[in-house]
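So the chains spell out like this:
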Amino acid sequence: MPHRQPALDLSPPVSDEVRKTTCYMCACRCGIDVHLKEGKVAYIEGNRDHPVNRGVLCAKGSAGIMQHLSPARLRAPLRRTGPRGSGQFEEITWDEALGIVAERLAGLRRTAPEKLAFFTGRDQSQSFTSWWAQAYGTPNYAAHGGFCSVNMAAAGIYTMGGAFWEFGQPDWERTRLFLIFGVAEDHDSNPIKMGLGRLKARGAKVIGVNPIRTGYNAIADEWVGITPGTDGLFILSLIHCLLKAGKIDADYLARLTDASVLLDEDPRSETHGLYLRDADGKPQVIDRRTGHLAPWDGEGVEPRLTGSLRRAGTTHRSVFHRVAEAYLDARYAPETVAATCGVTAERIRRIAAELAHAAFDQAFEVAQPWTDFRGKRHETMPGRPVSVHAMRGISAHSNGFQTCRALHVLQILLGAVETPGSFRFKPPYPKPATAHPKPHGKVRPGEPLDGPHLGFVHGPADLLVNDDGTARRIDKAFTWENPMSAHGMMHMVISNAHAGDPYPIDTLFLYMANMAWNSTMNTSAVMEMLADKDADGDYKIPFIVYSDAYSSEMVAYADIVLPDTTYLERHDCISLLDRPISEADAAADAIRWPVVEPDRDVRGFQSVLVDLGVRLGLPGFVDAEGKAVYADYADYMVNHQRRPGVGPLAGWRGEDGAAGGRGAPNPEQLEKYKENGGFWTAHIPEEAQYYKPWNRAYQDWAVEVGLFDAPQPYLFSLWCEPLRRFQAAAEGKGRHRPPEHLRAQMQATMTPLPTWYAPLGDGHADPVEYPVHALTQRPMAMYHSWGSQNAWLRQIHGRNPLYLPTALWEKYRFQEGDWACVRSPAGEITVPVAHMAALNPHTVWTWNAIGKRRGAWALDKGAPEATKGFLLNHLIHELLPERGDGLRWSNSDPITGQAAWFDLRVSIEKVRAPRHVYPDPPPQASPVPPAPARVAQKVRP
Ligand code: SF4
């Protein structure tokens, strides 16, 4: 008798409607299909048509439903009723809340707009928030890049007009050797996972350089467990080996980089170390065809890589001479650096040889003709199948800027940027530093700021310092202490505002920046500063406004709380003006839109800023009659024009919606995005897909779609002239000079070619007393601190031990279940420990931002996040320990001001297991009710 299978429906419908939007559970911005059942979110899956993830959804992405239903969601605007930090609030109406904030800000704007400090954390609408702050007129605006990534971003842009992070990607289809440095798994995770899968399938090799072998490093073919803070030295040693072996791309260097540009070599000259320029200011090269000087971009010019010239008593030699001299030096020989890096000389040599083998022995050509900016036609595109990716692990050190630059110089010497098989930019990059604005900080009461807040300085004249040397910004960005702080320095705002240095402020306005906990260094002291009072009993930071969607630790310190929506309840714009979702082959942007309406009295923060802009009568937000220009953020997204025809969204522009990139606002634009799955793409023509900085077809296409207004080809900068200008000022050249106490450090660190110096903390903290490096990493399953309120993700990371390598585990005789007291010059913590073998032998580490303060995030008082979870932030001070010179030096990169939280050194001592971690700040009252014991949402087909 035939066996009859029962009829089973293996894919019952889980929804009666699907709405397509963009994930917000990490910075990747994957496309998602949100399934709704009877108007409620029932299920989230990946959008198979989306260019970022092609249907792939990670654990965080599918857990977005729990973020949306989180019991920690704020419910209504709040006014503080108890002392700061207590968490005691009363609910008020939006009209009351916005009335209080607008009245205060209006008064400041009339008299002293700099008394408002507006900083945003996990904000992906910076082109909008910065525009608001510029219209308001305060110089004190930035996002959180100074805490997070500015070394990487600034080094990339100053060196090659683009950076890693989400602004570039390996050529996944053609790379043969992939080198990945210091990457946490939370950023860009689906594309990297998918890309790694493609590499593995093709048999390409992956080398991971990271003190910790987790995530991508765990699946790398080779893991280099480097000592923290020495990546730059390792990279410069690879460069040493390549130069010594003659394994560099001389043609690429001569034609497409400044290696052939001539430098003034006369130490007596005011322009010593700067490019030789013609009367039009154009850098000069020697043209091989004539043997004479020529502008770098002259039609048909063929630059000579090793050019030199003696003129008017001064010798000029090409940058390449300086590169060779600097890196052939024995201080970068593998034998010299091996012990410091914790990587053997043989291994450094072998990796250098593998890089050379992939770049040159496995080189290939793509049969695609193209024309360069000098008008020369090329019949093929030569490929160099070596690509590199790096992130925060090499960035958050006090030598991070130069380390990131060193990595780019390595790529460039191999000809492995924007060539087939190598690292490729994503639009709107490439875009050189000279195409970015300079920072502005001129305050005029009642008027907008004189220009954008943040940008790229090119020398001392661009700094934001007053005639008496004091800083114009509260965070002291763009000063002699950290001149190239392109993203501002959010991590210094609270300590400077508390000290009234360089001046007191009145209102601290923060958005999604959990600065009373994990988004700050020196957490315990910052909590005290936020609640500290002066002799009159007034708070030293008089007024704090905070916007967050959830009951985070920072909420408890606000005077007024403006509750944000979840990411499924608001409009967002993932814009080409900001941080879009482009791919190397296509420009792309995306939206979020309210796929469900909020069931609480909350509003999207960007719409709240529009409302405040109207109440304050800010230019751009009101018309000549004082009427609102935009009804809300969605209206702004459609109708705002940053330049004629160019707005926040590039898709379906023009009155009929037929234009892409440039065009008049289209009232149907958001509907078009929704119909298309929430995104728009414009493919780059075949001829324009590689060699973008120098490729006429790409430059013309970029102008056509509105990325810029005229072609802007440029050369990569092995030699960083802005750095040389600061270094020269420290040598006593020019009109603007740094303070005496900074000069020696500036001369040593601001070298125009990448250098390596030991992390600055090493000269302050006693390396004998604090012999162990301590790091944090973001887990793949959580992004920032938001995951700890998410019932699904909490099951993965509800607590975090301190992981110790075998050598330290055995040295201190630890066993599973033990605890340790961990000390740094800034403080101590008591935490659980665990053993991990795949770890640099001098390094301990833990997951970032798992530890929570009791009472926050609607967690139970005894939640493991509060009793067994902890932060290393308590051990990291914004200033380095005193070393007897009468100064407190900043714990940051001296070039960009990036917080150096990976420079941390600690001592470890085994202690008896306590009941909970230390420090254990007193619990906060919760402005939201306790979470229900059980959350159930049954979806029936
Ligand atoms: S990788 Fe990031 S954006 Fe993509 S699904 Fe996961 S959490 Fe969402």
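Residues numbered from 1 in each chain as written. Predicted model: local features only at pLDDT ≥ 70, side-chain atom pairs only at ≥ 80, totals over all residues. Heavy atoms only, no water.

**Observations concerning the site of the ligand**
Here is the rule: Proximity criterion: a residue is near a molecule or strand once any of its heavy atoms comes within 4 Å of it. Helical segments are the DSSP runs of H or I of at least four residues, strand segments are the runs of E of at least two, and each set is numbered from the N terminus. Only Asp, Glu, Lys and Arg are considered charged in this grouping, and only Ala, Val, Leu, Ile, Met, Phe, Trp, Tyr, Cys and Pro are considered nonpolar; every other residue, Gly among them, is considered polar.
The full set of residues close to the ligand is Cys23, Met25, Cys26, Cys28, Arg29, Cys30, Leu57, Cys58, Lys60, Gly61, Ser189 and Asn190. Of all elements in the fold, only helix 1 (59-62) and helix 7 (189-202) reach the threshold of two or more residues within the shell around the ligand. Classifying every residue of the shell around the ligand gives 7 nonpolar, 3 polar and 2 charged.

**Quick word on the domain arrangement of the protein chain**
Selection criterion: Bear in mind that the domain bounds are from an automatic or database domain assignment. The contact rule is simple, with two residues in contact once any of their heavy atoms fall within 4.5 Å. Here the buried area means the combined drop in accessible surface, using a 1.4 Å probe, for two parts upon being joined, counting both sides. Any pair of N or O atoms that falls within 3.5 Å is considered a polar contact. Within protein, one atom must be able to donate a hydrogen and the other to accept it, and sequence-neighbouring residues count only if both atoms are side-chain atoms.
In terms of domains, the protein chain is made up of domain 1 (17-68), domain 2 (78-151 + 441-563), domain 3 (164-275 + 321-428) and domain 4 (760-911). A separation of 30 Å is found between the C-alpha centroids of domain 3 and domain 4. Across the boundary between the two partners, domain 3 contributes 27 residues, which contact 27 residues of domain 4. Together, the buried faces of domain 3 and domain 4 total about 2,200 Å²; carbon and sulfur atoms form 60% of this surface. Where domain 3 touches domain 4, the interface holds 15 residue pairs in polar contact (both at pLDDT 80 or more). The set of elements that each furnish at least two residues to the side of domain 3 that touches domain 4 consists of helix 14 (392-395) and helix 15 (400-413). Broken down by class, the residue content of the side of domain 3 that touches domain 4 amounts to 10 nonpolar, 12 polar and 5 charged.

**Points about the side chain of Thr896**
Our working definition: Relative accessibility under 20% of the residue-type maximum defines a buried residue, over 50% an exposed one, and the middle range a partly exposed one, all with a 1.4 Å probe and only protein chains included.
Along the polypeptide, Thr896 turns up in the loop between helix 26 (864-867) and strand 34 (905-911). For Thr896, a relative accessible area of 0% corresponds to the buried category. Residues in contact with Thr896, not counting those within four places in the same chain, are Val150, Asn151, Ala154, Phe401, Asn482, Met484, Ser485 and Met489.

**Remarks on helix 3 (residues 94-111)**
For clarity, the cut-off: For a helix, the expected span equals 1.5 Å multiplied by the residue count minus one. Starting at the helix axis, one direction is taken to each C-beta atom, and the arc is that of these directions.
Between its first and last C-alpha atoms helix 3 spans 26 Å; for 18 residues at 1.5 Å apiece the expected length is 26 Å, and the two agree. Taken as a whole, helix 3 has its buried residues at Trp94, Ala97, Leu98, Val101, Ala102, Leu105, Leu108 and Arg109. The buried residues of helix 3 occupy an angular sector of 130 degrees when projected down its axis, which confines them to one face. Exposed residues pointing more than 90 degrees away from the buried face of helix 3 are listed as Asp95, Glu103, Arg110 and Thr111.

**Regarding the environment of Asp361**
Within the fold, Asp361 resides in helix 13 (residues 345-361). For Asp361, a relative accessible area of 51% corresponds to the exposed category. Between the C-alpha atoms of Asp361 and Pro385, which are 24 residues apart in sequence, the distance is 9.7 Å. Those residues within four positions of Asp361 in sequence are excluded, and the remaining contacts are Lys247 and Ala356.

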